[in-house]
Amino acid sequence: MLSDLKTHSATAGTALVNWWRAVSIEAFCCAILWLIGLMLIHVPLAPMWALIAGLMTFIPNFGAVIGLLGPVFAILLSGRDMERLLYLLGLYAVIVVIDQLLLQPMLMKRVTRVPIWASLLVPLVLGVVIPFWGVLLAPPLLAIVYAFRKPHEQPKAGSIITTAATEDAPVNKVQQP
């Protein structure tokens, strides 16, 4: 019983570390996208706003909006034309689509082994069931659920798995045919 608890806590810890790794890579990619876009639009203090937008990626679903506020105020206070503000809103839409439909599902699948369909569907369902907290908690909960669901070591193709039960926990032995 105690060894099962240790195994499950180690699995949950690994899942959270993998989730944190995926979100960090996502934040870095979003910061780079923001930096390129803001430099093309000539937004004042573009590197600072890109860094803030990248850090705000750690806040699911609302971080992108928070990251947009700084560049909007920078454009409005610089007295630039409103055309630049429209370009900024277009840039925001492109980055959100790339992040939510490409980066996040791909990284969650590669790093935490969460299927793409689950990373798209579960935040929507939890957002309906638990409106605010469901959306925020969906990515780390998915990482933990799939960490418990998937074994850490996959047997090689064509191998036969036999299980020998001991007093503490079952032991899997892999035999090659």
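Attention now moves to the overall build of the protein. Of regular secondary structure, the protein possesses six helices and two strands. Across the protein, helices and strands are ordered from the amino to the carboxyl terminus as α-α-α-α-α-α-β-β. Counting all 177 residues of the protein, 34% fall into the buried class. Carbon and sulfur atoms make up 72% of the accessible area of the protein, which totals about 11,300 Å².

Attention shifts here to the nonpolar core. Judged by nonpolar contacts, the single largest core of 16 residues is most densely connected at Trp34, Leu38, Val43, Leu88 and Leu91. When contributions to this core are tallied by element, the ones reaching two or more residues are helix H1 (2-41), helix H2 (46-56), helix H3 (63-77) and helix H4 (82-112). Every residue in contact with leucine 38, bar those within four places of it in the chain, is listed here: Val43, Ala46, Trp49, Ala50, Pro71, Leu88 and Leu91. Of all hydrophobic cores here, the second largest spans eleven residues; its members include Val23, Leu107, Val114 and Ala118.

Right, let's talk about H2 for a bit. Within H2 the residues assigned to the buried category are Ala46, Trp49, Ala50, Ala53 and Gly54. Each buried residue of H2 lies within a common arc of 140° when the element is viewed along its axis, so the set occupies one face.

Helix length check: H3 (15 residues) gives 22 Å between terminal C-alpha atoms against 21 Å at 1.5 Å per residue, within 8%. Along H3, the positions that sit buried rather than exposed are Gly63, Gly67, Leu68, Gly70, Pro71, Val72, Ala74 and Ile75. A positive phi of about 75° marks glycine 79, the residue just after H3.

Attention shifts here to the packing of helix H5 (residues 116-129) against helix H6 (residues 133-149). At their nearest, the axes of H5 and H6 sit 8 Å apart, and the two run at 135° to each other. In this view, H5 runs oblique relative to H6, as classed from their interaxial angle. Considering only the axes of H5 and H6, their crossing is right-handed. Residues Trp117, Ala118, Ser119, Val122, Pro123, Leu126 and Gly127 of H5 lie in contact with H6, whose contacting residues are Gly134, Val135, Ala138, Leu142 and Tyr146. In terms of residue class, the contact of H5 with H6 is made up of nine nonpolar, three polar and no charged.

A few words on the environment of isoleucine 95. Among the secondary structure elements, isoleucine 95 is positioned in helix H4. Given a relative accessible area of 5%, isoleucine 95 falls into the buried group. Note: C-alpha distance between isoleucine 95 and leucine 33 (62 residues apart in sequence) is 6.9 Å. In contact with isoleucine 95, not counting residues within four places along its chain, are Leu33 and Trp34.

Located in the positive-phi region is histidine 42, a residue other than glycine, with phi close to 65°. Its place among the elements puts histidine 42 in the loop between H1 and H2. Its relative accessible area of 53% is what places histidine 42 among the exposed residues. Unusually for a residue other than glycine, leucine 45 sits at a positive phi of about 60°.

Tracing the sequence through the fold places arginine 84 in helix H4. Looking at arginine 84, the relative accessible area reads 17%, which means it is buried. The contacts of arginine 84, once residues within four sequence positions are left out, are Ile41, His42 and Ile75.

A packed helix pair is summarised by two numbers, namely the angle formed by the two axes and the spacing between the axes. One can describe the packing of H2 onto H3 by two numbers: an axis separation of 7 Å at closest approach and a directional angle of 165°. Our classification of the angle between H2 and H3 gives roughly antiparallel. Handedness of the H2/H3 crossing: right-handed. Counting all contacts with H2, which are made through Trp49, Ala53 and Met56, the residues of H3 involved are Gly63, Ala64, Ile66, Gly67, Gly70, Pro71 and Ala74. Considered class by class, the residues forming the contact of H2 with H3 number seven nonpolar, three polar and no charged.

Thresholds, definitions, all that
- Counting restarts for each chain: residues are numbered from 1 in the order of the written sequence.
- Reporting of local features is limited, given that this is a predicted model, to residues whose pLDDT is at least 70; pairs of side-chain atoms are given and counted only at 80 or more, and all residues count toward the totals for whole chains, interfaces and linings.
- In computing side-chain properties, one takes all heavy atoms of the structure into account and sets aside hydrogens as well as water.
- Think of it this way: any DSSP run of H or I at least four residues long counts as a helix, any run of E at least two long counts as a strand, and we number them from the N terminus.
- Whether a residue is buried, partly exposed or exposed follows from its accessible area with a 1.4 Å probe, protein chains only, as a fraction of its type maximum: under 20%, in between, or over 50%, in that order.
- Accessible surface is estimated by sampling points in the Shrake-Rupley manner with a 1.4 Å probe; for residues, cover comes only from the protein chains shown.
- What we call a nonpolar core is a set of buried Ala, Val, Leu, Ile, Met, Phe, Trp, Tyr and Cys residues that are connected through their side-chain atoms within 4.5 Å.
- In what follows, residue pairs with any heavy atoms lying within 4.5 Å of each other are defined as contacts.
- Note: the arc covers the axis-to-C-beta directions of the helix.
- To estimate how far a helix should reach, multiply one less than its number of residues by 1.5 Å.
- Lines fitted to C-alpha atoms define the axes here, with helix axes fitted over just the stretch in contact, and angles between the N-to-C directions of these axes take values from 0 to 180 degrees.
- Roughly parallel covers angles under 35 degrees, roughly antiparallel covers those over 145, roughly perpendicular covers 65 to 115, and oblique covers all other angles.
- Here a crossing is taken to be left-handed if its near helix is turned anticlockwise relative to the far helix by less than a right angle, and right-handed if that turn runs clockwise.
- Residues are sorted three ways: Asp, Glu, Lys and Arg are charged, Ala, Val, Leu, Ile, Met, Phe, Trp, Tyr, Cys and Pro are nonpolar, and all the rest, Gly among them, are polar.

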